[in-house]
There are 2 protein chains.
Amino acid sequence: MYRFAKRFDGIGGSEIRKIFGLLAVPDMISFAGGNPSPELFPAETLAEISEEIIAENGKSVLQYGGTLGVPAFIELLKYRNADIMRETDDIVVTSGSSQGIDFFAHTMIEKGDVMLAESPSFLGALQTFRLADADVKTVTMEEDGISTTELEEKIKQYNPKFLYTIPTFQNPSGITMSGEKRQKVYDICKKYGVLILEDDPYAELRYSGQALESIKSYDDSGIVCKLASFSKTISPGLRVGYAIANKEIIAKFNLLKQGADVHTSNLTQTMVMEFLKRGYYDEHVKMLCTEYRKQRDAMCGAIDKYFPQGAKRTNPDGGLFVWVTLPEGVNARALFEECVNEKVAFVVGPPFFAEGGHENTLRMNFSMPSIPDIEKGVEKMGRIIRDFV
Amino acid sequence: MYRFAKRFDGIGGSEIRKIFGLLAVPDMISFAGGNPSPELFPAETLAEISEEIIAENGKSVLQYGGTLGVPAFIELLKYRNADIMRETDDIVVTSGSSQGIDFFAHTMIEKGDVMLAESPSFLGALQTFRLADADVKTVTMEEDGISTTELEEKIKQYNPKFLYTIPTFQNPSGITMSGEKRQKVYDICKKYGVLILEDDPYAELRYSGQALESIKSYDDSGIVCKLASFSKTISPGLRVGYAIANKEIIAKFNLLKQGADVHTSNLTQTMVMEFLKRGYYDEHVKMLCTEYRKQRDAMCGAIDKYFPQGAKRTNPDGGLFVWVTLPEGVNARALFEECVNEKVAFVVGPPFFAEGGHENTLRMNFSMPSIPDIEKGVEKMGRIIRDFV
């Protein structure tokens, strides 16, 4: 009976968010989520900080605030990002980095405009782009990031408004774009006047290899919008991230944010600011890396040990995910059903591909499960996969 | 150089938000804002609650949550709204009620679709509708709410998708739609299949007169989406509101919210929930009404005393605003400049009219200034207005 906007046609909501209901049964070992480990949240420190800032500064923390964010927090973020920011850039605090994806899409896209995404890519972003009426075309991922040959071809073919990339420890593939490719992707996009939306929420969770420059750091022409988040490093429940881009782009974000939520909660912004200012952050991220490194090593080791030959995995230097390509002919959806019956879960790969296919792929998360559960769950999955091969 | 979406053409950001910079000078008496009084925030209680819930429940409060909201909070909101909810309705927690406006617009509007708003109406909402590509047509406000004759005419003329109304203590006018008119507006909209977006953030701040039923309470056919907020009653800095509507509509909100901010901060949701559950809320709202009543009375009394004959004001039974119509020929923008020079400020009326005009109108807020400042500022404004008449 409702005359809904056509943008919802064919959109059913994240396949991933829907299966989470299925997984809330006792003894389920889940590699399906993308959550940070709740065991590692700095709860005690945040409890203390929140109490203090409301008691001491309630009149401003509980009041309306500026749309771009708490001024002292923005200053701190500028200071911390001095190496990648230009004078023509500005920062807006977002309610998680997803909001930055949404804003960028609505800033650039009109119905039918083409944009490019990696294939595979983050499901939530793909849905956001579609709901913003974008025509999403994709570029194939290689071991060191997207194919630059294909990128240039697609740009020539479609004249896209922007490229969406997660260059570091990508969700879902765990792949990191090499330094060489970052430069090349930037150069190609600059050449053709294509903007880059660089979504980089995992970059600080590095467990091996050399840190790489953000694509934003090459940006001498204002074409890169960089999104960052504290969801993976402090707490996703607080919903605090930020975007760095040319002032003209941030001015549009400001207009959109006035309508979206007026501003991000002053309380959660100030909590993150104080966590940084009091010097907890760097230590905390170091601890996270130590713990997650063990979990990643356990998962990669177990896959190598228990999965049949012909199953291939990525080799993530950080982040939360390993991506597995099973032997041709193994259907990840059928495998999923069987695995859930035996109380081990993962996420099937096909929904991450905007253009379909890839039935033999799956994503496995190693930040949530304990090391014994990783060992047990991967062993079980290995047994079940063998029945499918 | 950027290929921005055309929706930004001619949109310059809220005129109100821009003048706030101007007003941050010492000794300025400001009737310009729309903020609740920071003196009345329940800071001590919220400080205690936040500390407790993070310390005791950090693993869930700091983690990702469900898109619709914290389940126990949704249950509580359903319980408190049992009198207006139907079985076919559902609730989503929003990051302030502005987010509900944004979602409703994106759920219904495609480029060029017509919707109706009151004239005058909330500036932030008007901007949101325009950024959602809506063609905003208006219906004139009368002393007891919009003209129902004009409503029906405009519906016949434009076939709008929905009517946006703030029925209680409207921003900016302070006008409340009468009970009779609520029924009539509902009946007309139902007859023509026009949805109603009922934005009701001020309803609990009533200082005189009888409480009226929400338009949602008449809704036997699923055409009303009601927005509510804790910004005016607990704290705007927390960014917590909610929407009640038919499940089909909430399902679309759910999809939009996955992209917008995934979910509202679990921390701020849980703080509001605990503030309600521990029984602070009703007492607190009662205290707010006692204090704001005095401020409203002081402002209305001072306007009657100091403004020249020929200046008319509304008679708000609640909320945060009084609306003033100056004698014909007095230009509120010119008056504003003069007043700011003399350190008293208000908001000019014209921007609240989607279709322009009304140069002799202005909005005055009484929740922020103290009673002595209300007396002093209105007296000063009265003197300056006399020079303009």
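Here, every reference points to the structure presented above.
A short tour of the structure in this document, coming up.

Parameters and conventions
Residues numbered from 1 in each chain as written. Chains lettered and ligands numbered in written order. Predicted model: local features only at pLDDT ≥ 70, side-chain atom pairs only at ≥ 80, totals over all residues. Helix = DSSP H or I, 4+ residues; strand = E, 2+ residues; numbered from the N terminus. Rg over C-alpha atoms; globule rule 2.2 N^0.38 Å. Buried ≥ 20, exposed ≤ 12 C-beta atoms within 10 Å, placed from the backbone. Contact = placed C-beta atoms within 7 Å. Pairing = 2+ DSSP bridges. Expected span 1.5 Å × (residues − 1). Nonpolar A, V, L, I, M, F, W, Y, C, P; charged D, E, K, R; others polar. Least-squares fit on C-alpha atoms with pLDDT ≥ 70 in both. Core = buried A, V, L, I, M, F, W, Y, C linked by C-beta atoms within 7 Å.

## Focus: the overall build of chain A
At step 1: Summing up its helical and strand segments, chain A has 12 helices and 14 strands in all.
At step 2: The C-alpha radius of gyration of chain A comes to 21 Å, within 12% of the 21 Å expected for a compact globule of 389 residues.
At step 3: Taking all 389 residues of chain A together, the buried fraction comes to 55%.
At step 4: The long-range share in chain A, meaning contacts at least 24 apart out of those at least 6 apart in sequence, stands at 76%.

## Quick notes on the sheet that holds strand 5 (residues 145-146) of chain B
All names here are of chain B.
At step 1: Taking strand neighbours across the sheet as the criterion, the 8 strands line up as 2-9-8-7-6-3-4-5 in an open arrangement whose pairing is mixed. Each having just a single partner strand, strand 2 (89-94) and strand 5 make up the two edges of the open sheet.
At step 2: Of the pairings in the sheet, the one linking strand 3 (residues 114-119) to strand 4 (residues 135-142) comprises 6 bridges and is parallel in character. Opposite Leu116, over in strand 4, you have Lys137 as the bridge partner.

## Notes on unusual backbone geometry
At step 1: Pro172(A) follows Asn171(A) through a cis peptide bond whose omega is 15°.
At step 2: In this structure, Pro172(A) sits in the loop between strand 6 (162-165) and helix 7 (179-192).
At step 3: Looking along the chain, the bond that leaves Ser119(B) and enters Pro120(B) is cis, with omega of 5°.
At step 4: You can see Pro120(B) is positioned in the loop between strand 3 and helix 5 (123-131).
At step 5: A positive phi angle, close to 70°, is found at Asp27(A), a residue other than glycine.
At step 6: Relative to the elements of secondary structure, Asp27(A) occurs in the loop between helix 1 (15-23) and strand 1 (29-30).
At step 7: The phi torsion at Asp133(A) lies on the positive side, around 70°, for a residue other than glycine.
At step 8: Inspection of the secondary structure assignment puts Asp133(A) in the loop between helix 5 (123-131) and strand 4 (135-142).
At step 9: Among the residues examined, Asp133(A) registers 20 C-beta atoms within 10 Å and is labelled buried.

## Points about helix 8 (residues 247-260) of chain A
At step 1: Along its 14 residues, helix 8 of chain A runs 19 Å from first to last C-alpha, staying within 8% of the 20 Å computed at 1.5 Å per residue.
At step 2: Where helix 8 of chain A ends, the next residue or the one after it, Val262(A), has phi of about 65°, a positive value.

## A word on the pairing of strand 14 (residues 361-365) of chain A
Residue and element names in this part refer to chain A.
At step 1: Of all 5 residues in strand 14, 5 are buried; the element is thus mostly enclosed.
At step 2: Side-chain alternation along strand 14 places Thr361, Arg363 and Asn365 on one buried face and Leu362 and Met364 on a second face that is also buried.
At step 3: Pairing analysis gives 2 bridges linking strand 13 (residues 347-348) to strand 14, with the strands arranged antiparallel. Following the sheet pairing, Val347 is matched in strand 14 by Arg363.

## Considerations on the interface of chain A and chain B
At step 1: Taken together, the 66 residues of chain A in the interface contact 66 residues of chain B.
At step 2: Among the elements of the structure, helix 2 (43-61), helix 4 (97-108), helix 5, helix 8 and helix 9 (266-277) of chain A are those that each provide at least two residues to the side of chain A that touches chain B.
At step 3: Of the residues assigned to the side of chain A that touches chain B, the class counts are 27 nonpolar, 25 polar and 14 charged.

## A closer look at the relation of the copies chain A and chain B
At step 1: When chain A is brought onto chain B, the operation consists of a screw motion whose angular component is 180° and whose axial shift is 0.0 Å, with 0.0 Å RMSD remaining. Accordingly, the operation relating the two chain copies is best matched by a two-fold axis. Residues of chain A ranked by C-alpha distance from the rotation axis are headed by Glu51(A), positioned 2.5 Å from it.
At step 2: Looking at chain A, 100% of its interface residues are interface residues in chain B too, so the copies touch through the same face.

## Focus on the nonpolar core
At step 1: Core analysis: the largest hydrophobic core is formed by 158 residues, its most contacted members being Ile196(A) and Ile196(B).
At step 2: With sequence-adjacent residues up to four places away left out, Ile196(B) is seen in contact with Phe162(B), Leu163(B), Thr165(B), Tyr186(B), Cys189(B), Ile215(B), Ile223(B) and Val224(B).

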